[in-house]
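Survey of secondary and tertiary structure
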Amino acid sequence: MYYAVLTGAADSSGAEGQLLLGANAPAVRVAGRADPRHRAGEPARSATRSRLARIRADRADRRRFEDAVAMRGGELVASAQPTQQVLDTRAESTALAVYAQDRAAWGRVEVVAGARVEAVSTRLADRLGETVVDDGYAVVIPGGGVQVALTPTLAALAGVHRGFSPVAPGSAATPESSVNYEAGLRWRGARLAVDAIGFFSDYANLKGTCTFSTGCSAGQEGDEFDGGAVYVWGAELQAALELPLPRVRGVDATMPIELAYTYTGSSFRRAFASEFAGWDDVEVGDELPYLPAHQAMLSAAVVTARTDVGLAARYRSGSRDVAGAGPPPDDEAVEAWLAFDASVHVRPTAWAELYATASNLLDTRSLASRRPFGARPTAPRQLVVGYKGRF
C-alpha cells in the first residue's frame, strides 16, 4: 500500500497514507583554545618532551519541522494538518584536555610514552519535552610504543594505546573504551619503504550511534547504544617504491608505485538484543556489520617536474548488513567492489596547476549498502576538472 502511494499509483487514505516532508534547521557553534608547550631535552639522550592543554566548547541547536501531504491523482497536495515541530533541542559540551608525551632514544632503541586526560561536561535540553540532562566525567588515556633498529634499514616496533570515544550529551550509553595493540616490522631502503603491522583491539564497550544513514527511525536519530565487549584484529601491509625512468627529451621522470592492504576480523564477545539496526540479535562470535575482511589499493604514476599522470585501483571485499556468523543470506549481503581512478596534473608555472580526476573510471556498479531504506549503489563515475593557484 505504501509503495503504491509513494509512486502515485494509489491515493492516500486517512492519516496513515499521508506523506511527511521534513525540514531541519540546525545551528552549530564551536570554540576552542590550545596552549602548546614544547621543550627539547639533552642532546646526549635524544629526549624530547611535549605538552598540550586545550579547552573546547560545542553547542548544537537542532530543530525539525514536518508537513503532512497527501497523494491525489498522482500529485502531492497539502493537507489541512498544520506544520508540526517534532524536535527542538540544545546540546552543549565543554571538554578540557591535558596531554604530555616523552620521547627518548638510547642507541638503537627509541621509546615514546604519553597520556591525555579528558574532563568532559555535557548538557542536553529538550525544549519540547521540557527536560534537562546534565552529565560529566573524566578519563585518562595513556599510550606508548618502542622501536628497535635491527639493521640500518630494518626496525621492529610495538605499541599499546588506550582508545576512547565520548558519548553525546543526554545519552544513556557508556563511553566507548578499548585497548589497542600493534606490532610489526618497518623497512626503509633507498627507493623502497615497507611497513607490515599486526593489530588487535580489545573493546570493553563498542558504541553504536543511530543516524538516518544507518537505517534508524526519526525517533531514534542521535541515540547511542552499547555493544559491549568486541575483539577486532588484523594486519596491514604498506609498500612504496620509486623507480627512475629513462630520460626522454631531457626530461627526468620517476614512477612511484604504492600498495596498501588491510585484513580485518571481528567478534562480539557477548550475546544481546539491540534496537540498533545493524546489530539486532547478537550471538557470541558474530562479526561486525559493514566491516570488509579485505581492502586493498594499488597506484602508479609517472611524475616529472611539471606533470603527474596516475592510475589507481581500489578493492573492497563483501561484508554483511547485520551482525552474524558465516556467509550472510542474500538479503543481508553487501557485494565486493573493484574500481579504478585516474588523474592528470599539469604545472605550467610554479604558481599554477591544472588537474583532471576521474573516480570510478569504468563506472563499476555494485551494492554498497542496504541502509537506509533498502539497497543503495556505489557512487557512479565522477569527473572533476580544476585549477589551483599558489600565491
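These lines cover the structure that appears in this document, whether it is placed above or below.

**A look at the side chain of Ser171**
The topology assignment puts Ser171 in the loop between strand E8 (154–165) and strand E9 (176–188). Here Ala173 takes part through its backbone nitrogen, which lies 3.1 Å from a polar atom of the side chain of Ser171.

**Describing the packing of aromatic side chains**
In total, this model carries eight aromatic pairs according to the counting rule given. Judged by centre distance (5.2 Å) and plane angle (55°), the ring pair of Phe200 and Tyr231 falls under tilted. Separated by 31 residues along the polypeptide, Phe200 in strand E10 (residues 192–205) and Tyr231 in strand E13 (residues 230–248) bring together distant segments of the chain. Centroid distance Phe276 to Trp279: 4.8 Å. Interplanar angle 70°. Geometry classified as edge-to-face. A relative accessible area of 3% means that Trp279 is categorised as buried. Connected via pairs of aromatic rings, a cluster forms that spans Phe225, Phe268, Phe272, Phe276 and Trp279. The residue whose ring lies beneath Lys388 is Tyr355, and the NZ or CZ to ring-centre distance is 5.4 Å.

**Remarks on the pattern of salt bridges**
Tallying each qualifying case throughout the model produces 20 salt bridges. The partner of Glu110 in a salt bridge is Arg103, with the nearest N and O atoms 2.9 Å apart. In this structure Glu110 comes out as partly exposed when scored by relative accessible area, which is 28%. Residue class for Arg103 comes out partly exposed when judged on its relative accessible area of 35%. Where Arg186 meets Asp195, a salt bridge forms, and the shortest distance between an N and an O atom there is 3.2 Å.

Definitions and limits used
- Residues numbered from 1 in each chain as written.
- Predicted model: local features only at pLDDT ≥ 70, side-chain atom pairs only at ≥ 80, totals over all residues.
- Heavy atoms only, no water.
- Helix = DSSP H or I, 4+ residues; strand = E, 2+ residues; numbered from the N terminus.
- Polar contact = N/O pair within 3.5 Å; in protein donor to acceptor, adjacent residues only side chain to side chain.
- Phe/Tyr/Trp six-rings, centres within 6.5 Å; stacked < 30°, edge-to-face > 60°.
- Buried < 20%, exposed > 50% of the residue type's maximum accessible area, 1.4 Å probe, protein only.
- Lys NZ or Arg CZ within 6 Å of the ring centre and 35° of its normal.
- Salt bridge = Lys/Arg side-chain N within 4 Å of Asp/Glu carboxyl O.

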